[in-house]
Amino acid sequence: MLSHLVAKARVQVEQTAQTAAIGLFACVALTVGLVFWTLAGWLFLLTVTTPLNAAVILGAVYTGVGLIGLASVSMRRKKPVPQPAPVTPAPEATFEGLMAAFMSGMNAGARTRS
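The present account deals with the structure reproduced in this document. (Residues numbered from 1 in each chain as written. Predicted model: local features only at pLDDT ≥ 70, side-chain atom pairs only at ≥ 80, totals over all residues. Heavy atoms only, no water.)

Focus: the overall build of the protein chain
- When its secondary structure is counted, the protein chain shows 3 helices and 0 strands.
- Of the regular secondary structure in the protein chain, the N- to C-terminal order runs α-α-α.
- Relative to the globule expectation of 13 Å for 114 residues, the C-alpha radius of gyration of the protein chain, 34 Å, shows a markedly less compact shape.
- Summarising its shape, the C-alpha atoms of the protein chain cover approximately 105 × 35 × 15 Å along the three principal directions.
- Looking at the protein chain residue by residue over its 114 residues, the buried ones come to 3%.
- As presented, the protein chain carries roughly 10700 Å² of accessible surface, and 73% of it is formed by carbon and sulfur atoms. (Helix = DSSP H or I, 4+ residues; strand = E, 2+ residues; numbered from the N terminus. Rg over C-alpha atoms; globule rule 2.2 N^0.38 Å. Buried < 20%, exposed > 50% of the residue type's maximum accessible area, 1.4 Å probe, protein only. Areas by Shrake-Rupley, 256 points an atom, 1.4 Å probe, with all protein chains shown as cover.)

Dropping the structure here:
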């Protein structure tokens, strides 16, 4: 029984590690791609305008993308936490109820013996 739980935990850890590795590789690839796109945009803007204007344009683009990203993250709805069902209290134990349960048990025991 314990070995099953350990094996299940190992599989889950393995899958989590694979997911993390793929995510890390994707982030590195996106960063490298973004650097090349930025460099290409910089070189293009230098042929069209001055270096100061190129820096302002690229800064505005990155600022705009960052603000849009922050806005989309802040607008995401969080999953509501489900409220647990209210626990109904146990019925009051009375002497009559206790005696009825005791007699019912005695009768059931007597029937099984006969």
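Topic: the packing of helix α1 (residues 2–48) against helix α2 (residues 51–75)
- Running from N to C, α1 and α2 point in directions that differ by 145 degrees, and their axes come no closer than 9 Å. As for the relative orientation of α1 and α2, their crossing is right-handed in sense. Residues L34, T38, W42, L45 and L46 of α1 touch α2, and the partners they reach there are P51, A54, A55, I57, L58 and Y62.
- Its residues assigned to classes, the contact of α1 with α2 shows 10 nonpolar, 1 polar and no charged. (Axes fitted to C-alpha atoms, helices over the stretch in contact; angles between N-to-C directions. Left-handed = near helix turned anticlockwise from the far one by under 90°. Contact = heavy atoms within 4.5 Å. Nonpolar A, V, L, I, M, F, W, Y, C, P; charged D, E, K, R; others polar.)

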